[in-house]
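# Survey of secondary and tertiary structure
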Amino acid sequence: MIIFDKRILAHFDFVQLLFIIPILVLSHILISEANEILAFKQYIYYALGFGVFLFFFIIPFRKLEWIIPFFYWFGIVLLISVDLFGVSKLGAKRWLEIPLINFTIQPSEIIKPAFILMLAYMVKKNPPPSNGYDLKSFLKFSFIILLPFILILKEPDLGTAMILLLGGFGTLFIIHVNKKIWISLFLAMSVASPVMYQSLHDYQKKRITEFLSEESSYHVKQSIIAISNGGMSGKPKDEATQTHFKFLPIATSDFIFAYNSERFGFMGNLFLMVLYLCLIIHLITLNYQLKEDYFTRVVATSIGVLIFIYAGVNISMTIGLAPVVGVPLPFFSYGGSSFITFMCLFGMLQNLLTFKFKDSYKL
C-alpha cells in the first residue's frame, strides 16, 4: 500500500484540471441534449476513466521502469494477434475477443501508453546530446515508432497509425534530434509520397480524393452548414436543426465540434479551442521546466503532441481542411476508448509529477 505525504498536494498539477474539467462539462451538456441514453453511458465512461486515472496514478513508475519494455512488447504481441485472431467489424480487423465473457479489446488503444512510456524509457537511458540525437540513435527510436505504426496501418486504421507516427516523431523533434536528419527525412518523404499513396486502401484513397476535389463530401457539407448556422453566439437547443433533425452525421463523436458551433456559435468554439491551446502549451512548457527529468519530459511532451494532433485533425476535417477520418476530440467526443486512454496517460503524468522524488513512494 502506498502512503502519501504532504508533497503530493505540493507537486500535483492542478492546472491540468482547470482546462480538462470545462471540456468534460461542455461535452456532457451537448451529449445530454442530443441523446439521453448516450449521456447516461457517458457517466459510466467518466467513472471508468476516473478509476483508470487512480490506478495509473498510484503505480510507482520510477521504481518499475524495468518493466516498461515488457509492457511495450506485450502491446506489440497484441497488435500481431489482431492480424492472426482479430475480430472484424465494418471491414476492419482491429479488435481481440476475450473468450467466455464475450468482451473485445482494441490493442491500438493499449499500445498508446506503452508506446509513450517506451520512448520516455529510451530517452532517459540515452539523453540527447547538445547537438541532438545522431542517425544511429534516431534509427533506434524510429524502429520503436514504426513497428506499431505498420501493424496498426495493416488493420487497417490509418488515422490511429498516423497519430502514433506523428506523435512519436513530434516528441523527438521537441526533445531534440539533429536538424540534418529532419531535412533528409523530409526530402525522402517527398520522393516516396507517390509510392505511399499507391499502397493505401481504396477507401483511404477515396477520402483523400474527396478532400482534394472541389465538391465536399456529404459529411463535410452538413458540418459546415451546422457551423455557419450557429453564427456568433449559437442557437437555442430547439433551433439546432442540423443536429436534432439528424442532418449532421455522428454529431456526438466525430463531428461534435460542428455541433458545439451550432449550439454555442463562434464564441463557443473559440472557448473550446482556447482550452485545448492552453492545455497543450502547459504540457509542452512542462518539458522545459523539468530540465534533467527526461522521463517525465517525454511523457508530458508526448501527451501534448497527441492532443494537438487529435484536436487539429478533428477540427480541420469538420471545416473541410483535412480528410474525414475517425479521430475524436480528446475529452469532448462521446466514446469510451479515447477517453479512458487519455485518462490513463494523464494518470501516468500526474504520478510522475507528484512523486518527483523516489522516496515519495513509501511501500
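So, here is what we can say about the structure in this document. As the structure is a computational prediction, the values presented were derived from the model and not from experiment.

Quick look at the overall build of the protein now. Looking only at helices and strands, one finds 14 helices and 3 strands in the protein. Residue pairs in contact within the protein that sit at least 24 positions apart in sequence constitute 73% of those at least 6 positions apart. Taken as a whole, the protein presents about 18200 Å² of accessible surface, with 71% of it coming from carbon and sulfur.

The interhelical angle for the contact between helix α2 (residues 15-34) and helix α12 (residues 256-289), taken along N-to-C directions, is 160°, at an axis separation of 9 Å. What the angle tells us is that α2 and α12 run roughly antiparallel. In the crossing of α2 with α12, the sense of the turn from one axis to the other is left-handed. Here the contact of α2 with α12 is built from residues that sort into 22 nonpolar, 4 polar and 2 charged.

This brings us to the packing of aromatic side chains. A ring pair, where both rings are aromatic, is described by two values, the distance of the centres and the angle of the planes. Within this structure, the stated rule accounts for 19 aromatic pairs. Residues phenylalanine 169 and tryptophan 182 carry aromatic rings whose centres are separated by 6.4 Å and whose planes lie at 85° to one another, so their mutual orientation is edge-to-face. Taken as a pair, phenylalanine 169 in helix α7 (residues 158-175) and tryptophan 182 in helix α8 (residues 179-198) lie far apart in primary sequence, 13 residues in all. Taking the relative accessible area as the measure of exposure, phenylalanine 169 reaches 14% and is therefore buried. Note on phenylalanine 173 and tryptophan 182: the rings are 5.7 Å apart at their centroids and 65° apart in plane angle, and the pair reads as edge-to-face. Three or more aromatic residues joined by ring pairs make a cluster, and in this case those are Tyr46, Tyr310, Phe331, Phe339, Phe342 and Phe346. The cationic tip of arginine 263 hangs over the ring face of phenylalanine 264; the distance from NZ or CZ to the ring centre is 4.8 Å.

Peptide bonds are trans in most cases, and residues, glycine excluded, mostly fall at negative phi. In this structure, isoleucine 250 takes a positive phi of about 50° despite not being glycine. With respect to the helices and strands, the residue isoleucine 250 is situated in the loop between α11 (241-244) and α12. Judged by relative accessible area, isoleucine 250 falls into the partly exposed class, the value being 43%. Phi angles above zero are rare outside glycine, and phenylalanine 331 is one such case at about 70°. Structurally, phenylalanine 331 is set in the loop between α13 (294-318) and α14 (337-354).

On the secondary structure map, aspartate 157 appears in the loop between α6 (135-153) and α7. Buried within the structure, aspartate 157 lacks any salt-bridge partner; arginine 94 is the closest side chain of opposite charge, at an N-O distance of 4.1 Å. Beyond its immediate sequence surroundings of up to four residues, aspartate 157 is in contact with Arg94, Gln106, Ser108 and Ile152.

Right, let's talk about the environment of phenylalanine 143 for a bit. By secondary structure assignment, the location of phenylalanine 143 is in helix α6. The residues touching phenylalanine 143, leaving out its near neighbours within four places in the chain, are Tyr72 and Trp73.

Relative to the helices and strands, arginine 62 is located in the loop between α3 (36-58) and α4 (68-85). Within the local environment of arginine 62, its side chain forms a polar contact with the side chain of threonine 296, the two groups lying 3.0 Å apart.

Turning next to the nonpolar core. Counting residues in hydrophobic clusters, the biggest one holds 99 residues, and the most contacted among them are Ile307, Leu329, Phe331, Phe332 and Phe346. For this core, the leading source of residues is α13, giving 14 residues.

Our focus in this paragraph is the pattern of salt bridges. The full count for this structure, using the stated rule, is 5 salt bridges. Across the pair arginine 263 and glutamate 33 runs a salt bridge, and its minimum N-O distance is 2.6 Å. Of this pair, arginine 263 sits in helix α12 while glutamate 33 sits in helix α2; the two residues are 230 residues apart in sequence, bridging distant segments of the chain. Judged by relative accessible area, arginine 263 falls into the buried class, the value being 12%. Residues lysine 124 and glutamate 65 are paired through a salt bridge, measuring 2.7 Å at the closest nitrogen-oxygen approach. You can see lysine 124 sitting in helix α5 (residues 107-125) and its partner glutamate 65 sitting in the loop between α3 and α4, a full 59 residues away along the chain.

Attention now goes to a nonpolar patch on the surface. Where nonpolar side chains cluster on the molecular surface, the patch consists of Met232, Phe266, Met267, Leu270, Met273 and Val274 and spans about 540 Å² of accessible area. For leucine 270, the location among the structural elements is in helix α12.

So, on to α6. Between its first and last C-alpha, α6 extends 25 Å over 19 residues, near the 27 Å set by a 1.5 Å rise per residue. Taken residue by residue, α6 has Ser137, Phe138, Phe141, Ser142, Ile144, Ile145, Pro148, Phe149, Leu151 and Ile152 as its buried positions.

The terminal C-alpha atoms of α5, which comprises 19 residues, lie 26 Å apart, in line with the 27 Å expected from a rise of 1.5 Å per residue. Across the 19 residues of α5, 16 count as buried, placing the element largely inside the fold.

What counts, and where the lines are drawn
- Residues numbered from 1 in each chain as written.
- Predicted model: local features only at pLDDT ≥ 70, side-chain atom pairs only at ≥ 80, totals over all residues.
- Heavy atoms only, no water.
- Helix = DSSP H or I, 4+ residues; strand = E, 2+ residues; numbered from the N terminus.
- Contact = heavy atoms within 4.5 Å.
- Areas by Shrake-Rupley, 256 points an atom, 1.4 Å probe, with all protein chains shown as cover.
- Axes fitted to C-alpha atoms, helices over the stretch in contact; angles between N-to-C directions.
- Parallel < 35°, antiparallel > 145°, perpendicular 65-115°, else oblique.
- Left-handed = near helix turned anticlockwise from the far one by under 90°.
- Nonpolar A, V, L, I, M, F, W, Y, C, P; charged D, E, K, R; others polar.
- Phe/Tyr/Trp six-rings, centres within 6.5 Å; stacked < 30°, edge-to-face > 60°.
- Buried < 20%, exposed > 50% of the residue type's maximum accessible area, 1.4 Å probe, protein only.
- Lys NZ or Arg CZ within 6 Å of the ring centre and 35° of its normal.
- Lys, Arg positive; Asp, Glu negative; His and termini not counted.
- Salt bridge = Lys/Arg side-chain N within 4 Å of Asp/Glu carboxyl O.
- Polar contact = N/O pair within 3.5 Å; in protein donor to acceptor, adjacent residues only side chain to side chain.
- Core = buried A, V, L, I, M, F, W, Y, C linked by side-chain atoms within 4.5 Å.
- Patch = residues over 30% accessible without salt bridge, like charges linked within 9 Å, V, L, I, M, F, W, Y side chains within 5 Å.
- Expected span 1.5 Å × (residues − 1).

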